[in-house]
Amino acid sequence: MGKNKLPSTGALRTLRAAKVPFEVHTYRYEEGGGTATSSRELGADEHSVIKTLIMETDAKAPLIILMHGDREVSTKALARHLGVKSIQPCKPAVAQNHSGYVVGGTSPFGTKKKLPLYAEASIFELDTLYINGGQRGLLVSLAPSVLEALLAPEKVQVAQSIATD
């Protein structure tokens, strides 16, 4: 991909149409590398790299949850907040069907279906966040206020430290 040739994704089209300030960052995608890879490649703090996760309730109702790269979603806390029995990540094919994005390239902007959107409240305390631009190896940086204005996610407190083996 050349310096001047950027992909056209649903996320980038959505951000451009909204005329909001954002920057595009590309990096070499590594299968299974997650936010550790993108933060390393971009020289960004992993806490400011935001994961877009497609999950579902026990009734198979899909939702999006945005979480810091260096944290996990407490599915028990999120289920309690939503008043459901349980929440689990969607299988990759199901997540792709709901979002229109390949896992590893999922953005909350320009999704195929409008899904309930939740975001860890502390994301909005960051000066700048990095979030997927709709393709593997593509992040956009923007102010949390842009995320809030365009998507109006429900703020939740469901972060937990990443378990280490």
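What you see is a predicted model, and the numbers here were worked out from it, not measured in a lab.

Trainee: Got a minute to help me understand the packing of aromatic side chains in this structure?
Mentor: The geometry of an aromatic ring pair is captured by two quantities: the separation of the ring centres and the angle between the planes. Taken as a whole and judged by the stated rule, the model has zero aromatic pairs. In this structure, Lys 155 is placed above the aromatic ring of Phe 124, and the distance from its NZ or CZ to the ring centre is 4.6 Å.

Trainee: Could you clarify how one ought to interpret the environment of Pro 116 in this entry?
Mentor: Considering the arrangement of structural elements, one finds Pro 116 in the loop between α4 (92-99) and β6 (117-120). The exposure class of Pro 116 is partly exposed, given its relative accessible area of 38%. When the C-alpha positions of Pro 116 and Leu 63 are compared, they lie 5.0 Å apart, and in sequence the two are 53 residues distant. Apart from the residues lying within four places of it in its own chain, the contact partners of Pro 116 are Pro 62, Leu 63 and Ile 64.

Trainee: Help me understand unusual backbone geometry, please; the structure alone is not making it clear to me.
Mentor: Leaving glycine out, the prevailing phi sign among residues is negative, and the prevailing peptide bond configuration is trans. Notably, Lys 19 is not glycine yet its phi reads approximately 55 degrees, a positive angle. Positive phi, close to 70 degrees, is recorded for Lys 60, a residue that is not glycine. Positionally, Lys 60 belongs in the loop between β2 (49-57) and β3 (62-68).

Trainee: I tried to follow the pattern of salt bridges on my own but got confused; where do I start?
Mentor: For side chains bearing opposite charge, pairing can occur when the charged atoms are close. Evaluation of the coordinates by the stated rule reveals seven salt bridges. For Arg 136, the salt bridge goes to Glu 31, with nearest N and O atoms at 3.6 Å. Linking Arg 136 in the loop between β7 (129-135) and β8 (138-142) with Glu 31 in the loop between β1 (23-26) and α2 (34-42), this pair joins segments that are 105 residues apart in sequence. Among the ionic pairs, Glu 41 bridges to Arg 40, the shortest N-O distance being 3.2 Å. The exposure class assigned to Glu 41 is partly exposed, which follows from its relative accessible area of 35%. Using a relative accessible area of 48% as the deciding quantity, one classes Arg 40 as partly exposed. The network of salt bridges with shared partners includes Arg 28, Glu 30, Arg 40 and Glu 41.

Parameters at a glance
Residues numbered from 1 in each chain as written. Predicted model: local features only at pLDDT ≥ 70, side-chain atom pairs only at ≥ 80, totals over all residues. Heavy atoms only, no water. Phe/Tyr/Trp six-rings, centres within 6.5 Å; stacked < 30°, edge-to-face > 60°. Lys NZ or Arg CZ within 6 Å of the ring centre and 35° of its normal. Helix = DSSP H or I, 4+ residues; strand = E, 2+ residues; numbered from the N terminus. Buried < 20%, exposed > 50% of the residue type's maximum accessible area, 1.4 Å probe, protein only. Contact = heavy atoms within 4.5 Å. Salt bridge = Lys/Arg side-chain N within 4 Å of Asp/Glu carboxyl O.

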